[in-house]
Amino acid sequence: DAKTTQPPSMDCAEGRAANLPCNHSTISGNEYVYWYRQIHSQGPQYIIHGLKNNETNEMASLIITEDRKSSTLILPHATLRDTAVYYCIVRVNYMDTGRRALTFGSGTRLQVQP
Amino acid sequence: ETGVTQTPRHLVMGMTNKKSLKCEQHLGHNAMYWYKQSAKKPLELMFVYNFKEQTENNSVPSRFSPECPNSSHLFLHLHTLQPEDSALYLCASSQGRLAGFETQYFGPGTRLLVL
């Protein structure tokens, strides 16, 4: 699976958009970009995933650059409950590897300030 | 609530004790996972089970022994652990179908302290 690079920490004001970057310059064509988050002392929670196109769901938007070497997770109106560690994970389709496990890095610790 | 429960939530054990962690999923999934999260380290995979068969083992020491009696339950049996095994142990599940993408749903974890 391709390696990802994320800033170790970010701050965001409550009510503002939080833009979390992820660099995955060695991503290959069949690798997906996933985002999970982990609120303190809880299990990780799935947020969103994408391959090439930008994606949006009720939690967030995922913007993937045209060359797919980086992506940004956008929380449009951050709240205090969005304070968490956000993990960007790049991995291939299960059908290509037979591996289901996720490989977590260190993530970005997002602190939403009141 | 993610539909994945773990018991106990907290556990303190001595190095000579034997204990078990339990995970149960109420999502109708067929794949279950154990992950370990040590302080200031990324989550790391321990085991994967799919349709009750172990499919991935991340070179975990034999003092950790998983058991998957059915698709809804997963156990992690612990014996003669070391203090460095103190960590948050997370269980997850996913559909386990032959599909490209599966969301993994995590339980709240068991925080283990080995004295």
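A brief structural summary.

Quick notes on the rules
- Residues numbered from 1 in each chain as written.
- Chains lettered and ligands numbered in written order.
- Predicted model: local features only at pLDDT ≥ 70, side-chain atom pairs only at ≥ 80, totals over all residues.
- Heavy atoms only, no water.
- Salt bridge = Lys/Arg side-chain N within 4 Å of Asp/Glu carboxyl O.
- Helix = DSSP H or I, 4+ residues; strand = E, 2+ residues; numbered from the N terminus.
- Buried < 20%, exposed > 50% of the residue type's maximum accessible area, 1.4 Å probe, protein only.
- Pairing = 2+ DSSP bridges.
- Axes fitted to C-alpha atoms, helices over the stretch in contact; angles between N-to-C directions.
- Contact = heavy atoms within 4.5 Å.
- Buried area = accessible area lost by both parts, 1.4 Å probe.
- Nonpolar A, V, L, I, M, F, W, Y, C, P; charged D, E, K, R; others polar.
- Core = buried A, V, L, I, M, F, W, Y, C linked by side-chain atoms within 4.5 Å.
- Disulfide = S-S within 2.5 Å.

**Brief notes about the pattern of salt bridges**
Line of reasoning, step 1. Within the structure shown, the criterion is met by 2 salt bridges over all chains.
Line of reasoning, step 2. For Arg37 of chain A, the salt bridge goes to Asp82 of chain A, with nearest N and O atoms at 2.8 Å. Of this pair, Arg37 of chain A sits in strand S3 (residues 31-38) while Asp82 of chain A sits in the loop between strand S7 (70-75) and strand S8 (84-92), placing them 45 residues apart in sequence.
Line of reasoning, step 3. By relative accessible area, Arg37 of chain A is classed as buried at 10%.
Line of reasoning, step 4. Note that Asp85 of chain B is salt-bridged to Arg63 of chain B, the shortest N-O span being 2.7 Å.

**Quick notes on the sheet that holds strand S8 (residues 73-79) of chain B**
Residues and elements named next belong to chain B.
Line of reasoning, step 1. Within the open sheet, the 4 strands sit side by side as S1-S3-S8-S7. Their pairing is antiparallel. The outermost strands of the open sheet, each flanked by one partner alone, are strand S1 (4-7) and strand S7 (64-70). Each strand of the sheet is rotated relative to its neighbour by a mean of 20°, with strand direction disregarded.
Line of reasoning, step 2. Relative to strand S3 (residues 18-25), S1 runs antiparallel, the two being bridged by 4 bridges. In the sheet register, Thr5 faces S3, and the bridge partner there is Glu24.

**Describing the interface of chain B and chain A**
Line of reasoning, step 1. Listed as interface residues are 25 residues of chain B and, on the opposing side, 21 residues of chain A.
Line of reasoning, step 2. Between chain B and chain A, the buried area comes to about 1800 Å², and carbon and sulfur atoms account for 55% of it.
Line of reasoning, step 3. For the interface between chain B and chain A, the tally reads 0 salt bridges.
Line of reasoning, step 4. For the side of chain B that touches chain A, the secondary-structure elements that each account for two or more residues are strand S4 (31-37), strand S5 (44-50) and strand S9 (87-94) of chain B.
Line of reasoning, step 5. Looking at the side of chain B that touches chain A element by element, the count peaks at 4 residues for S4 of chain B.
Line of reasoning, step 6. Taken together, the residues of the side of chain B that touches chain A break down into 14 nonpolar, 7 polar and 4 charged.

**Quick look at the sheet that holds S3 of chain A**
Residues and elements named next belong to chain A.
Line of reasoning, step 1. Judged by pairing direction, the sheet is mixed, and its 5 strands sit side by side in the order S1-S9-S8-S3-S4 without closing on themselves. At either end of the open sheet lies a strand with only one pairing partner, and these are strand S1 (9-13) and strand S4 (45-50). Each strand axis lies, on average, 25° off the axis of its neighbour in the sheet, ignoring direction.
Line of reasoning, step 2. Sheet topology note: the S3/S4 ladder contains 5 bridges and is antiparallel. Residue pairing in the sheet places Arg37 in a bridge with Gln45 of S4.

**Thoughts on the nonpolar core**
When a protein is soluble and globular, its nonpolar side chains tend to lie buried together.
Line of reasoning, step 1. Core analysis: the largest hydrophobic core is formed by 22 residues, its most contacted members being Trp34, Phe64, Leu76 and Leu78 of chain B.
Line of reasoning, step 2. Going through the elements one at a time, strand S2 (10-13), S3, S4, S5, S7, S8, S9 and strand S11 (110-114) of chain B are the ones with two or more residues in this core.
Line of reasoning, step 3. With 21 residues, the next largest nonpolar core counts Cys22, Ile48, Ala84 and Leu110 of chain A among its residues.

**Here we look at the state of the cysteines**
Line of reasoning, step 1. For the structure on display, the rule yields 2 disulfides over all chains.
Line of reasoning, step 2. With its sulfur 2.1 Å from that of its partner, Cys22 of chain A forms a disulfide with Cys88 of chain A. The sign of the -80° torsion about the S-S bond sets the Cys22 of chain A-Cys88 of chain A disulfide as left-handed. Here Cys22 of chain A, found in strand S2 (residues 18-23), pairs with Cys88 of chain A, found in strand S8; they are 66 residues apart in sequence, far enough to count as distant.
Line of reasoning, step 3. Two residues, Cys23 of chain B and Cys91 of chain B, share a disulfide whose sulfurs are 1.9 Å apart. Because the sign of the S-S torsion sets the handedness, a value of about -75° for the bond joining Cys23 of chain B and Cys91 of chain B places this disulfide among the left-handed ones. Remark: Cys91 of chain B occurs in strand S9 and Cys23 of chain B occurs in strand S3; sequence separation between them is 68 residues.
Line of reasoning, step 4. This cysteine, Cys12 of chain A, is not joined by any disulfide, and Cys22 of chain A carries the nearest cysteine sulfur, 18 Å off.
Line of reasoning, step 5. Looking at Cys68 of chain B, it has no disulfide partner, and the nearest cysteine sulfur is the one in Cys91 of chain B, 9.0 Å off.

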